[in-house]
Amino acid sequence: MIRLLLGCFLTVITLACSSGEKKTIDTKELASSNIITAGGTITEIVYTLGFGDRIIATDRTSTYPVEMQSLPSVGYRNQIKAEGILSLVPNMILAEEDYLSEDVVNQLKLMDLEVHFFKKPENPEETKALVTELATLFEVPEIGKVINDGIANDLKVLDDYLSQHAKRPSAAFVMARGTETLFVAGEKTFAETIFNLAGISMAAQGFEDFVPLTPESLVTMSPEYLVLFDSGLESLGGLVGLANIQGIKESKAFQEDQVLGFDGHYLSGMGPRVGQVALELAKAVRNK
Amino acid sequence: MLTASNIQFRTRNRTILDSTSLEVASGQIIAILGPNGAGKTTLFKLLSGESSCSCGVVSYNGMNISKFKAKELAEVRAVMSQHSSVNFPFTVREVVELGLISIQPTNPKKIVAEVMALAQIEHLQDQEYYQLSGGEKQRVQLSRVLAQVWERKPYSRYILLDEPTSSLDIAQQHAVLEILLQLKSRNIGVLVILHDLNLAAQYADNIILLKSGKICYCGPMKEGMDECLLETVFDHPIRLMHCAITNQLIVHSSNKSKMYSSTRIMQ
Amino acid sequence: MIAPTLTFSKQRLSQWVLVSFGAILVGVLLLSLTKGAYSISLSQVIAALVEPLGYHLEAFEVRSANVLLHIRLPRILLAVLVGGGLGIAGAAMQGLFRNPLVEPGLIGVSSGSALFAVVFLVVFPGIASSFPILERVGLPLFSFLGGLISVFAVYYLGANKESENTATIILAGVAINALAGALIGLTLFYADDTALRSFTFWSLGDLSGASWNKLPIAAGLICIPSLVLLRGSKNLNALALGEKEAFYMGVNVNRTKVILLVSTALIVGVAVSLTGMIGFVGLIVPHLMRISFGADHRLVLPGSFLLGAILLNFSDLLARTIAIPAEMPIGVITSLLGAPFFMGLIYNLKK
């Protein structure tokens, strides 16, 4: 028995010795900083500011532009671990506030890296503020201004469109992650903000945040349009699968084939394209 | 001296043990006898300290049992229960050594060796307890109990046993009771609940006859073994005979019809 | 005389076993320090470890030293404390309940602790900012309270003095697990606070939150009750024969029971508050000890601490290297190891 234990011990020591390569940080690499971003909106803005090539890894919500998806992924929300980020040897980390878990934040702050946190924008004004903040960080304020002007312009186009179309349809946003997990967005969610921008009234009234979808509630709300993420729609099995959800097929929106799907980040990210998506949404509900 | 004065045990509905007094002196074997439900176990629990009674006093060597800490009590008395289960794979030796945990003996190895030899379980000492037969397990428990009070001390110690012969064969029964005889010379008093009246007749110095919570007799065995008395206590005719070969008492009982039809045989 | 020699060699065996386990633990720790998402070689590990003592070695490299000292080392030490604590607590619980199937997760002590930890984080959210010391001490202690209530509930529901009823103990544990799990889920569902951590954290465990400011309190609140348990090893041996027999042999049964229940609840409560519920360590480790070295608690308890530390470190090693750069929740690994072991145990009991 003792011999067995000693044998294990020696094996373990041998394994320990045969691990890892030495990594040194080149001073040249430092100058062209490696960035890891966490949060789709931040990634998009950094890219739009022209520093996309410096991003070496992102998280799962960073889906735009498409090239970002081929980068290594550090995970999602509090599944992201500090060592995973550090193993890719970044020297700058840009993350949304409250996105990483507190422990990871503390651990990252102990490293000799630049770590910055930004509030996730909840409306176009905050989007512009974030753009400015990031532009200042990268020392390219003029590009930031260009982007913000673009946003303002998009919003103006949206405004013009809405003033010509007085109708104000109602809609409800459904968050779906598989047929067992369905939630309706209430007040104080991104859905409310984007609906307001697009001149859509919220069919879901009287509650905040996301609430589980019950069959009766959807029929009671009776929205004219149902809006989902593309990924959510897919998780239900497309429109065909959607028909099988109790409450959906009885709803007016489904029966009149008024179900809309949008890319998740595009719709909820409140990024530089917020004006564009609002316009798309506004047009989609006024199509008929 | 282990003494009990006016101890009793009552539940809400009935009296299990009526006011009782008795004495166990060191160097004596006292057998408690009686039918089922007589209160033997209750009496046993009161004397061993497992239960306590609100009135009356149990005392060991002059000190009230309630004043003893568990550890101190263990130095004065050891108890062997009728059933003992061991849920972990202890070896026989480890079980016997458990008897010494509250004692600080000068030579634990010697004590363990002696009690194992006495109980004839040395050959089993490295086996796992759960692999033994019922009889072997009982001898191991006896060994453990002996170890607790084995070391010679200036004060009297006591061993209380609850039917220690229940799952033993004839040879083993006598072996166990022989061991108890040997304890008399070590300043140990023995109190044992027995079912077998013959064994009591052969080994006990004094007997206590218990029926329905009352002591019917407490005193020397010879006087206590009286046919009328036994019949009253056990609700069954009993005949006593003398065995000429061993010069000992034989306690005989058979089914009632046979008992009443036979003539009495004089001792 | 054979008898004296045997006792002598048993003591020697115990010493050998503990020393060997200690050596293996050190080996596993070294291995763990070199493995992980971030590549660090053994020479870098040693250089990083001796740097704070004033010895600067060539292999020293700032970044890997930072990762090692601030992320990996605290994590590994936490694994030692939690693994060791769960091991010794499991061993003590099995002795106390006189039942080899008992462990903190199965009988609901872990989930009771987790529930109270979650409740603490909901009810006292502002404490972290205003009184950080209170959060560091308050959370583990409140979690301990939850564990204490659970363990007393199971003990008095399930353990009967006269007959050892395994089924009742396990059923009581099942009931508590169900209730606590539901309440934890409910609380997490309605309280939207990232400080609460996710359901996965609580139900499957996670060592990645380790940091130096959490370790001292963890060390104190786990090591001290562990030492108390070690002192109670003799009494646990006696209890193995039954409470009545233990009393006859001179053990103060009620006091021993309370001390054991409180100590195990404290260890489990603190561990759960830091790392969530990690199951099966407290079941596997004492068993391996008993199968290999006998049932004497004086060896089973310290051996379980060391073996638990080794096992959890090893499991954590797997958890953070299998799916780099992501991490598998550690409870998945311990359950994959533990559940088949548990089934094997049940099968053996039938025989």
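Source: prediction; values computed, not measured.

1. Section: the overall build of chain B
And then number 1: Scanning chain B from N- to C-terminus turns up ten helices and twelve strands.
And then number 2: By the compact-globule yardstick of 18 Å for 267 residues, chain B fits well, its C-alpha radius of gyration being 19 Å.
And then number 3: Taking the principal axes of the C-alpha coordinates as reference, chain B spans close to 60 × 45 × 35 Å.
And then number 4: Across the 267 residues in chain B, those meeting the buried criterion constitute 43%.

2. A short note on the overall build of chain C
And then number 1: Along its length, chain C carries 15 helices and zero strands.
And then number 2: Rg of the C-alpha trace for chain C: 21 Å, near the compact-globule value of 20 Å for 351 residues, within the 12% margin.
And then number 3: Its C-alpha atoms give chain C principal-axis dimensions of roughly 60 × 60 × 35 Å.
And then number 4: In chain C, buried positions account for 54% of the 351 residues.
And then number 5: Long-range contacts, defined here as pairs at least 24 residues apart, represent 78% of the contacts in chain C between residues at least 6 apart.

3. Considering the packing of helix 13 (residues 281-293) of chain C against helix 15 (residues 330-350) of chain C
Residue and element names in this part refer to chain C.
And then number 1: Where helix 13 meets helix 15, the closest approach of the two axes is 9 Å, and the angle between their N-to-C directions is 55°. The pairing of helix 13 with helix 15 is recorded here as oblique in orientation. In this structure, helix 13 meets helix 15 at a crossing whose hand is left-handed. Judged by residue contacts, V281, L283, I284 and H287 of helix 13 engage T334, L337, G338, F341, F342 and L345 from helix 15.
And then number 2: Looking at side-chain class alone, the contact of helix 13 with helix 15 contains seven nonpolar, three polar and no charged residues.

4. Let's talk about the pairing of strand 12 (residues 248-252) of chain B
And then number 1: As paired elements, strand 11 (residues 239-243) of chain B and strand 12 of chain B share five bridges and run antiparallel to each other. By the bridge assignment for strand 12 of chain B, L240 of chain B is matched with V251 of chain B.

5. Topic: the arrangement of the chains
And then number 1: Looking at the two pairs of chains with contacts, the pair that accumulates the most is chains A and C.
And then number 2: The smallest C-alpha distance separating chain A from chain B is 18 Å, and no contact links them.

6. What to know about the interface of chain C and chain B
And then number 1: With 25 residues of chain C in contact, the opposing surface of chain B contributes 27 residues.
And then number 2: Residue contributions to the side of chain C that touches chain B peak at four residues, all from helix 11 (residues 243-248) of chain C.
And then number 3: Considering only residue class, the side of chain C that touches chain B consists of eleven nonpolar, seven polar and seven charged.

7. What to know about the packing of helix 3 (residues 62-97) of chain C against helix 9 (residues 215-231) of chain C
Residue and element names in this part refer to chain C.
And then number 1: It is the contact of helix 3 with helix 9, at a shortest axis distance of 10 Å, that shows an interaxial angle of 25°. One way to sum up the angle between helix 3 and helix 9 is to call them roughly parallel. Crossing hand, helix 3 versus helix 9: left-handed. Note on element contacts: helix 9 touches helix 3 through L215, A218, A219, I222, S226 and L229, opposite P74, L77, L78, L81, G85, I88 and A92.
And then number 2: Residue composition of the contact of helix 3 with helix 9, grouped by class: eleven nonpolar, two polar and no charged.

8. Quick word on the nonpolar core
And then number 1: Ranked by size, the top nonpolar core spans 255 residues in total, and within it A278 of chain A, A31, V115 and I159 of chain B together with A92 of chain C carry the most contacts.
And then number 2: Top contributing element to this core by residue count: helix 3 of chain C, with 18 residues.

9. Side note on helix 7 (residues 166-190) of chain C
And then number 1: With 25 residues, helix 7 of chain C extends 36 Å from end C-alpha to end C-alpha; this agrees with the ideal 36 Å at 1.5 Å per step.
And then number 2: Among all positions in helix 7 of chain C, only I169, A172, G173, I176, N177, A180 and I184 of chain C are buried.

10. Focus on the domain arrangement of chain B
All names here are of chain B.
And then number 1: Split into domains, chain B comes out as domain 1 (2-235) and domain 2 (237-267).
And then number 2: The straight-line distance from the C-alpha centre of domain 1 to that of domain 2 is 29 Å.
And then number 3: Residue assignment for the side of domain 1 that touches domain 2 shows that the elements contributing at least two residues are helix 7 (197-203) and helix 9 (227-234).
And then number 4: When grouped by side-chain class, the residues that make up the side of domain 1 that touches domain 2 number five nonpolar, two polar and two charged.

11. Observations regarding the environment of L230 of chain C
And then number 1: Inspection of the secondary structure puts L230 of chain C in helix 9.
And then number 2: Once the C-alpha coordinates of L230 of chain C and A92 of chain C are considered, the two residues, 138 residues apart in sequence, prove to be 8.9 Å apart.

12. Digging into the confidence of the model for chain C
Residues and elements named next belong to chain C.
And then number 1: Summary statistics for chain C give a mean pLDDT of 86 and a share of 91% for residues scoring 70 or more.
And then number 2: When the criterion is pLDDT under 50, residues 1-7 qualifies, and its contacts beyond four places in sequence or with other chains add up to five contacts.
And then number 3: Two numbers describe this predicted complex: its pTM, 0.85, and its ipTM, 0.90.

13. Comments concerning the sheet that holds strand 2 (residues 55-57) of chain A
Residues and elements named next belong to chain A.
And then number 1: Here we have four strands laid out as an open sheet, ordered 2-1-3-4, and parallel in their pairing. The open sheet has two free edges, formed respectively by strand 2 and strand 4 (114-118), since each of these has just one partner strand. The sheet shows a mean angle of 30° between the axes of neighbouring strands, direction not considered.
And then number 2: Direction of pairing for strand 1 (residues 35-38) relative to strand 2: parallel, over a ladder of two bridges. When the bridges of strand 2 are listed, I36 appears paired with A57.
And then number 3: Its contacts with the sheet put helix 3 (residues 40-51) on strand 1, strand 2, strand 3 (92-96) and strand 4, and the angle it makes with strand 1 is roughly 135°.

14. What to know about the sheet that holds strand 7 (residues 157-162) of chain B
All names here are of chain B.
And then number 1: Strands sit in the order 6-7-8-3-9-10 across an open sheet of six strands; the sheet is mixed. Both outer strands of the open sheet, strand 6 (77-80) and strand 10 (214-220), are each paired with one neighbouring strand and no more. If you compare each strand with its neighbour and ignore which way they point, the axes differ by 15° on average.
And then number 2: As paired strands, strand 3 (residues 29-33) and strand 8 (residues 188-193) are joined by four bridges and run parallel to one another. Looking at strand 8, one finds that I29 is bridged to V190.
And then number 3: The sheet contacts of helix 1 (residues 40-48) involve strand 3, strand 6, strand 7, strand 8 and strand 9 (206-211), and relative to strand 7 the element is tilted by about 155°.
And then number 4: The sheet strands contacting helix 9 are strand 9 and strand 10, and the helix crosses strand 10 at an angle near 150°.

15. Digging into helix 5 (residues 102-109) of chain A
And then number 1: Here helix 5 of chain A has its buried residues at V104, Q107 and L108 of chain A. Along the long axis of helix 5 of chain A, the arc covered by the buried residues comes to 100°, so they all point the same way.

16. Re unusual backbone geometry
Residues and elements named next belong to chain A.
And then number 1: The linkage connecting Y64 with the following residue, P65, adopts the cis geometry, with an omega of -5°.
And then number 2: Checked against the element boundaries, P65 lands in the loop between strand 2 and helix 4 (82-86).
And then number 3: Notably, K188 is not glycine yet its phi reads approximately 60°, a positive angle.
And then number 4: Within the fold, K188 resides in the loop between strand 6 (182-185) and helix 8 (190-197).

17. Here's the deal with the environment of P220 of chain B
All names here are of chain B.
And then number 1: Residue position: P220 is located in strand 10.
And then number 2: As a C-alpha pair, P220 and L180 span 40 residues in sequence and 17 Å in three-dimensional space.
And then number 3: The contact partners of P220, leaving out residues within four places of it in the chain, are D205 and N206.

Rules of the game
- Residues numbered from 1 in each chain as written.
- Chains lettered and ligands numbered in written order.
- Predicted model: local features only at pLDDT ≥ 70, side-chain atom pairs only at ≥ 80, totals over all residues.
- Helix = DSSP H or I, 4+ residues; strand = E, 2+ residues; numbered from the N terminus.
- Rg over C-alpha atoms; globule rule 2.2 N^0.38 Å.
- Buried ≥ 20, exposed ≤ 12 C-beta atoms within 10 Å, placed from the backbone.
- Contact = placed C-beta atoms within 7 Å.
- Axes fitted to C-alpha atoms, helices over the stretch in contact; angles between N-to-C directions.
- Parallel < 35°, antiparallel > 145°, perpendicular 65-115°, else oblique.
- Left-handed = near helix turned anticlockwise from the far one by under 90°.
- Nonpolar A, V, L, I, M, F, W, Y, C, P; charged D, E, K, R; others polar.
- Pairing = 2+ DSSP bridges.
- Core = buried A, V, L, I, M, F, W, Y, C linked by C-beta atoms within 7 Å.
- Expected span 1.5 Å × (residues − 1).
- Domains from an automatic or database assignment.
- pLDDT = per-residue confidence, 0-100.
- Arc of directions from axis to C-beta.

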